[in-house]
Amino acid sequence: MEGRTPLSPNLLWTILVIAAVILLCFLLPEKPVSSDVMDMLPNIESNQAVSKELSKRLDSQLIFAVKGDKAAETLNVSLRHAPFLTNLRGKSNEEELLTFVKTVSDHPIAFLSIKDIKLLETPQNYSRRILSALYSPFGAPSEGELDRDPLLLTRAALLSFPKQKISMADGWLTVKEGAVKWRLLFASLKDKDDFEELKHSLATISKMVSKAKASEVGAEIYVQGAPLYSFAAGSQARQDLSKLGMLSLIALTLLLLVAYRSIRPLFLCLLSISVGLVFGLTAVTLFCGHLHAMTLVMCVSIIGLCTDYTAYFIASRMAAPKEENSQKTLDLLRPTLLHALLTTVLTYSMLLFSPFPSLKELAIFTIFGLAGACLTVLFWFPQLTNHIKYHCSPLAPLTNKYIRFWHPNSPVGKIILCSILVLCAVGLSRLQVSDDLRQLYQAPKVLVENEAQIQKILDRDFSQDSILLESDSEEKLLEGLALLRSRLAQDSNLKTIGTFIPPLLPEKLQNQAANAARNAIPTVKEALENLNIRLNEHPRYSGLSFKDFLNSPIGENYRSLFLEKDGKYYYSIPIGSSVVPKSILQNLPVKAMLENKRSQIQTMMAQYRVQIGWLLVFAFAVIVVSIKWEFGTRAAVLSAFSLLLSSIAGAAALGFFGMPFNVFSVFALILILGIGIDYQIFFLRLSETRKNSLFALFVAAASTILSLGILGLSETAAVRNFGITLTFGVLTAFLTSPISLLLNHEKIRHL
């Protein structure tokens, strides 16, 4: 029986491409595209899952500060009818206020201060307090109040609540600034992960705010919340993706039309780019939990990199002798194409060690995307380019002329080098090293102004720094919170932090207070009877569990800060920009950790910048040694000079643009090294390849530099930093790569 004919590599590749397209169509709609700024940052918490879940609750919250009662009423009504909002706290009705007071009056012992409990334990002294209250000219208790609560514990409990800048007035949470009253409203978005849903929700809220402002002359409304920043970052990334992608395609189209004077190479480039995008997106959707919008923006650079293989092959095919077929051209170019793919993939794989999810996603996207584009050229292009005829491009003479600038007798090469050195020196003198997170993303001015105004009104910093408490039981957690609250109260600079700690006493102290109250009632009753005030019954003071407290109207403010997970109990206390001494967190009955996310990430960024910098030095040394091994000492020295100069130029460019040197810049330098070594090896092996392939290299390099340069136009600071470093580094690497021709003047003479 005859064996079946094996499938050709071309057909296998076609099947694989079709399978990737089908898989992408199934996976992509289910893969969320994140626009949250915090998702760009590495996870560094020791309790990563806990911190992420607690942060997610706060990340959906919106705060409204309104000046003007009518405007506040209008906004409150509008927000209450919004189906996409939850946990709205606006104006409280009478029933809600009564429920709040009833919670305290039913369980006053749960909210007493330690000072009140100690006073209760001495009934005679406590009786004097009751008698003093009776003779007070302001707010003396009525007989009805004494009958219900002879110890006036409800009063004591309400007075023990932490003093806050926010107070209840006319049913509103209110902050007073002189004669101005700011009414506060709080709400959470039900779904902030879906960008289109978020866009619709925020657009509706914007209309509500405009309507409320128009309802009262002189009304002011400020809005603050993480969803606003997520939407701004997502909108910016999508605008970048659309704008930069279009600019990249237009620039490459013009380049290819000028270089080849034919439309067929343009369609072939689009084919390889499309296959590369399919494989890149499929890989990211398979291996990553989500896609970040910023990753998609950075992936615009793959357009130019994918074009490299097509441009190089087509330029070589056009310059090939008439008797040479496409397969012969491919056989000659295959080692060069695979070598270029390997070095680029290896350099991008270094990004997999990055702590930033967006850079890891970029690495996966680029590695698989470039592999797809290159294999498309290898398997499909011999059949698709058979009818491409030989002709000389108008740009070909210019490339040869540029190479002749590097002849020892030509001063132009020396002028180019000296100019680059001077520019690098000036740029480096202006360069600053900074790992400040705020320089990675610039929020819209209106959001910053709104947040600053609300910070001023609430006297609160919205940074994510916090104290995280961890316990094995609710009771221990409450004990730790109570002890921490008393310590914070002793420092006038930290008192405001205590307002985020629930005023609920641990069960042990509640029982102690209940026993003291029972023992004090007979003495107080006797003192009141001496004044002819008779009580009908002894009140029963009951305790309140932590869960019941959180489900009560009082606990609503603290609910989002508590988390029960995997048998552990956690509570997060926001500290803003306050500096909390470590001594305050010592000897607590619970585990306490300072979660200074910004500081931790910036420290880690600085460490990575240094570590990757040393890795870059090591990679540079390995490359120089390998060049010395194959091409000799002089070739290694000249190549090292070009590669070093290109890295310096990439960093110096940041100085000219007033941007900081950070870990993104270091990763860009790695890519510069990987791309630059390709140019060096090409010129070192120029005698082994046909001279017409020099034009192919120029076209491929131009497409790379164009696509990388487009990233420098991004509105996102991190992407712009990455793009500027890469563009000027790769440009310098290409401009100086002919320096290796100084080893052999004959190479230049025959060009």
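A few points on the structure.

Parameters and conventions
Residues numbered from 1 in each chain as written. Predicted model: local features only at pLDDT ≥ 70, side-chain atom pairs only at ≥ 80, totals over all residues. Heavy atoms only, no water. Helix = DSSP H or I, 4+ residues; strand = E, 2+ residues; numbered from the N terminus. Buried < 20%, exposed > 50% of the residue type's maximum accessible area, 1.4 Å probe, protein only. Contact = heavy atoms within 4.5 Å. Areas by Shrake-Rupley, 256 points an atom, 1.4 Å probe, with all protein chains shown as cover. Salt bridge = Lys/Arg side-chain N within 4 Å of Asp/Glu carboxyl O. Patch = residues over 30% accessible without salt bridge, like charges linked within 9 Å, V, L, I, M, F, W, Y side chains within 5 Å. Core = buried A, V, L, I, M, F, W, Y, C linked by side-chain atoms within 4.5 Å. Pairing = 2+ DSSP bridges. Axes fitted to C-alpha atoms, helices over the stretch in contact; angles between N-to-C directions. Parallel < 35°, antiparallel > 145°, perpendicular 65-115°, else oblique. Left-handed = near helix turned anticlockwise from the far one by under 90°. Nonpolar A, V, L, I, M, F, W, Y, C, P; charged D, E, K, R; others polar. Polar contact = N/O pair within 3.5 Å; in protein donor to acceptor, adjacent residues only side chain to side chain. Lys, Arg positive; Asp, Glu negative; His and termini not counted. Charge placed at Lys NZ, Arg CZ, Asp CG, Glu CD. Phe/Tyr/Trp six-rings, centres within 6.5 Å; stacked < 30°, edge-to-face > 60°. Lys NZ or Arg CZ within 6 Å of the ring centre and 35° of its normal. Expected span 1.5 Å × (residues − 1). Arc of directions from axis to C-beta.

1. Some thoughts on the overall build of the protein
Part 1 of the argument: Within the protein, the secondary structure is distributed over 27 helices and 12 strands.
Part 2 of the argument: Residues classed as buried in the protein amount to 52% of the 751 residues present.
Part 3 of the argument: The contacts in the protein between residues at least 6 apart in sequence include a share of 82% that link residues at least 24 apart.
Part 4 of the argument: Summed over its atoms, the accessible surface of the protein is roughly 34,800 Å², and 59% of this surface lies on carbon and sulfur atoms.

2. What to know about the pattern of salt bridges
Part 1 of the argument: Across all of its chains, the model carries 9 salt bridges by this definition.
Part 2 of the argument: We note a salt bridge from Glu220 to Lys67, for which the minimum N-O separation is 3.0 Å. Here Glu220 is found in strand β7 (residues 220-225), whereas its partner Lys67 is found in strand β2 (residues 61-67), with 153 residues between them in sequence.
Part 3 of the argument: Classification of Lys67 by relative accessible area gives partly exposed; the value is 24%.
Part 4 of the argument: What emerges from the salt-bridge pattern is a single network uniting Glu470, Asp472 and Lys568.

3. Quick word on a nonpolar patch on the surface
Part 1 of the argument: Together, Leu249, Leu257, Ile263, Phe267 and Leu270 give the surface a local cluster of nonpolar side chains, amounting to about 430 Å² of exposed area.
Part 2 of the argument: Among the elements of the structure, α10 (226-260) and α11 (264-287) are those that each provide at least two residues to the nonpolar patch.
Part 3 of the argument: Here Phe267 lies in helix α11.
Part 4 of the argument: Residue Phe267 is classed as exposed on the basis of its relative accessible area, which comes to 51%.

4. Focus on the nonpolar core
If you look at soluble globular proteins, the nonpolar side chains tend to sit buried side by side.
Part 1 of the argument: Counting 116 residues, the largest nonpolar core has Tyr260, Tyr309, Leu337 and Phe722 as its most contacted members.
Part 2 of the argument: It is helix α24 (residues 663-684) that contributes the most residues to this core, 17 residues altogether.
Part 3 of the argument: Judged by nonpolar contacts, the second largest core, of 58 residues, contains Ile501, Leu505, Ala514 and Tyr569.

5. Quick notes on the sheet that holds strand β10 (residues 562-565)
Part 1 of the argument: Pairing is antiparallel in the open sheet, where 4 strands are placed in the order β10-β11-β9-β12. Where the open sheet ends on each side, the last strands, each with one partner, are β10 and β12 (591-595). The sheet shows a mean angle of 20 degrees between the axes of neighbouring strands, direction not considered.
Part 2 of the argument: By the bridge criterion, 5 bridges tie strand β9 (residues 466-471) to β12 in an arrangement that is antiparallel. Counted as the bridge partner of Ser466 is Glu595 from β12.

6. What about the packing of helix α14 (residues 326-349) against α24?
Packed helices, taken two at a time, are described by the angle their axes make and the gap between the axes.
Part 1 of the argument: Between α14 and α24, whose axes approach to 8 Å, the crossing angle comes to 165 degrees. By the angle between their axes, α14 is roughly antiparallel relative to α24. With respect to the hand of their crossing, α14 and α24 are arranged in right-handed fashion. Residues His339, Ala340, Thr343, Thr344, Thr347 and Tyr348 of α14 pack against Ile670, Leu671, Gly674, Ile677, Asp678 and Ile681 of α24.
Part 2 of the argument: For the contact of α14 with α24, the class distribution of residues is 6 nonpolar, 5 polar and 1 charged.

7. Things to note about the environment of Ser486
Part 1 of the argument: Among the structural elements, Ser486 can be located in helix α19 (residues 474-489).
Part 2 of the argument: Each C-alpha atom, one on Ser486 and one on Ser113, is 9.8 Å from the other, the two residues being 373 residues apart in sequence.
Part 3 of the argument: Of note is the side chain of Ser486, whose polar atom sits 2.7 Å from the backbone oxygen of Leu483.

8. Some remarks on the side chain of Thr174
Part 1 of the argument: In this fold, Thr174 is placed in strand β5 (residues 172-177).
Part 2 of the argument: Here Trp172 takes part through its backbone oxygen, which lies 3.1 Å from a polar atom of the side chain of Thr174.
Part 3 of the argument: Engagement of the side chain of Thr174 in a polar contact is seen with the side chain of Arg183, the distance being 2.8 Å.
Part 4 of the argument: Those residues in contact with Thr174 that lie beyond four places of it in its chain are Lys165, Ile166, Ser167, Ala169, Lys181, Trp182 and Arg183.

9. Overview of a negative patch on the surface
Part 1 of the argument: On the surface, a cluster of negative charge is made up of Asp191, Asp194, Glu196 and Glu197.
Part 2 of the argument: Tracing the sequence through the fold places Glu197 in helix α9 (residues 195-214).
Part 3 of the argument: By relative accessible area, Glu197 is classed as partly exposed at 32%.

10. Quick notes on the environment of Leu98
Part 1 of the argument: Along the chain, Leu98 turns up in helix α4 (residues 94-106).
Part 2 of the argument: The spacing of Leu98 and Pro553 is 455 residues in sequence and 10.0 Å in space, taken between C-alpha atoms.

11. A word on unusual backbone geometry
Leave glycine aside and you will find that most residues have negative phi; peptide bonds, for their part, are mostly trans.
Part 1 of the argument: For Asp566, which is not glycine, the phi dihedral falls at a positive 55 degrees.
Part 2 of the argument: Of note in this structure, Asn587 is not a glycine but carries a positive phi near 55 degrees.
Part 3 of the argument: Note on placement: Asn587 falls in the loop between β11 (568-574) and β12.

12. Description of the packing of aromatic side chains
Part 1 of the argument: Using the criterion set out here, one finds 12 aromatic pairs in the structure.
Part 2 of the argument: Taking 5.8 Å as the distance between ring centres and 40 degrees as the angle between the ring planes, the aromatic pair formed by Phe287 and Phe368 counts as tilted. Taken as a pair, Phe287 in helix α11 and Phe368 in helix α15 (residues 357-384) lie far apart in primary sequence, 81 residues in all.
Part 3 of the argument: Aromatic pair Phe546 and Phe549: ring centres 6.4 Å apart, planes at 15 degrees, arrangement stacked. Of the two residues, Phe546 and Phe549 both sit in helix α21 (residues 546-550), 3 residues apart, roughly one turn of that helix. For the pair Phe546 and Phe549, a shared accessibility class is recorded, and that class is buried.
Part 4 of the argument: Following the ring pairs from residue to residue traces out a cluster consisting of Phe111, Phe546, Phe549, Tyr558, Phe562 and Tyr569.
Part 5 of the argument: The aromatic ring of Phe186 is capped on one face by Arg89, whose charged end is 4.8 Å from the ring centroid.

13. Re the environment of Val104
Part 1 of the argument: Along the chain, Val104 falls in helix α4.
Part 2 of the argument: With 53 residues separating them along the chain, Val104 and Ala157 place their C-alpha atoms 7.2 Å apart.

14. Focus: the pairing of strand β6 (residues 180-189)
Part 1 of the argument: With 8 of 10 residues buried, β6 lies mostly within the body of the structure.
Part 2 of the argument: The sheet contact formed by β2 and β6 spans 7 bridges and is antiparallel. Paired with Leu62 across the two strands is Ala187, which belongs to β6.
Part 3 of the argument: Two strands pair when backbone bridges link them, and strand β3 (residues 85-89) and β6 are joined in this way by 3 bridges, in the antiparallel orientation. Bridge assignment links Arg89 to a residue of β6, and that residue is Phe186.
Part 4 of the argument: Inspection of the sheet shows β5 paired to β6 by 5 bridges, in the antiparallel sense. Residue pairing for β6: Glu177 is matched across the bridge by Val180.
Part 5 of the argument: Taken together, β5 and the strand that follows it, β6, pair antiparallel across an intervening segment of 2 residues, in which Gly178 is found at a positive phi of about 70 degrees.

15. Some details on helix α6 (residues 123-134)
Part 1 of the argument: Between the first and last C-alpha of α6 there are 17 Å, a value that for 12 residues agrees with the 16 Å anticipated at 1.5 Å per step.
Part 2 of the argument: Listing the buried residues of α6 in full gives Tyr126, Ser127, Ile130, Ala133 and Leu134. Down the axis of α6, the buried side of the element spans an arc of 120 degrees, and every buried residue falls inside it. Seen from the open side of α6, the exposed residues pointing more than 90 degrees away from its buried face are Gln124 and Arg128.

16. As for α9
Part 1 of the argument: Over its 20 residues, α9 extends 28 Å from the first C-alpha to the last, a length consistent with the 28 Å expected when each residue adds 1.5 Å.
Part 2 of the argument: Of the residues making up α9, those classed as buried are Phe195, Leu198, Ser201, Leu202, Ile205, Met208, Val209 and Ala212. The arc enclosing the buried residues of α9, seen along the axis, measures out at 145 degrees, which places them on a common side. In this structure, α9 carries Glu196, Lys207, Lys211 and Ala214 as exposed residues pointing more than 90 degrees from its buried face.
Part 3 of the argument: Among the structural elements, β2, α3 (69-80), β3, β6, β7 and α10 are those in contact with the buried residues of α9.

Such coordinate-based values are descriptive only and should not be taken to indicate function.
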